[in-house]
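# Survey of secondary and tertiary structure
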Amino acid sequence: TSPKWTRAIFVRNPKPRLLSAFLDKAVAHSKHFTGATCVSFAKVGGDYQYCVDHHEEFEFFLYNITTRLGKNVHWRSIYSRVDEKWWPWINYVADMENLSEN
């Protein structure tokens, strides 16, 4: 590796990314969500039926699913997806929303 190399990471704005995850996973794929994510939610102490009944509500998703099932790649933080040892080497962060400008 050379200090002259660019080590980049491409990130999305967290708010639209989280909303996109909710709309895709909880709303558009509702049956899969209740059959898989609500089951996982119940395994970590959540109420399965409550999850089924409220899974299409963003507030429930935000305060229950993302906190109890925080390791899901669709809504966990970008920072947590990159091992901490690599952050000092990353010297370019590009925003996906402005990729054509970067």
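All of the points below concern the structure found in this document. (Residues numbered from 1 in each chain as written. Predicted model: local features only at pLDDT ≥ 70, side-chain atom pairs only at ≥ 80, totals over all residues. Heavy atoms only, no water.)

## So, the packing of aromatic side chains
Our working definition: Pairing of aromatic side chains here covers Phe, Tyr and the six-membered ring of Trp, requires ring centres within 6.5 Å, and sorts the geometry by plane angle: under 30 degrees stacked, over 60 edge-to-face, intermediate tilted. Think of it in three bands: residues with accessible area under 20% of the maximum for their type are buried, residues over 50% are exposed, and the middle band is partly exposed, with areas taken using a 1.4 Å probe on protein chains only.
Evaluated as defined, the whole model comprises eight aromatic pairs. Aromatic pair Tyr-79 and Trp-87: ring centres 4.9 Å apart, planes at 10°, arrangement stacked. Classification of Tyr-79 as partly exposed rests on a relative accessible area of 49%.

## Quick notes on the packing of helix H1 (residues 14-28) against helix H4 (residues 58-68)
In plain terms, the rule: Axis definition: a line fitted to C-alpha atoms, limited for helices to the stretch in contact. Angles are taken between N-to-C directions and run from 0 to 180 degrees. Note on conventions: DSSP H or I runs of at least 4 residues are helices, E runs of at least 2 residues are strands, and numbering of each starts at the N terminus. The cut-offs work like this: below 35 degrees is roughly parallel, past 145 is roughly antiparallel, 65 to 115 is roughly perpendicular, and the gaps in between are oblique. We call two residues in contact when some of their heavy atoms are within 4.5 Å. Residues are grouped as follows: Ala, Val, Leu, Ile, Met, Phe, Trp, Tyr, Cys and Pro are nonpolar; Asp, Glu, Lys and Arg are charged; all remaining types, including Gly, are polar.
Contact geometry of H1 with H4 gives a least axis separation of 11 Å together with a crossing angle of 100°. Accordingly, the angle class assigned to the pair H1 and H4 is roughly perpendicular. Along its contact with H1, which presents Leu-18, Leu-19, Ala-21, Phe-22 and Ala-26, the element H4 presents Phe-58, Phe-61, Leu-62 and Thr-66. Taken together, the residues that form the contact of H1 with H4 break down as eight nonpolar, one polar and no charged.

Without other data, these values stay purely geometric and don't point to any function.
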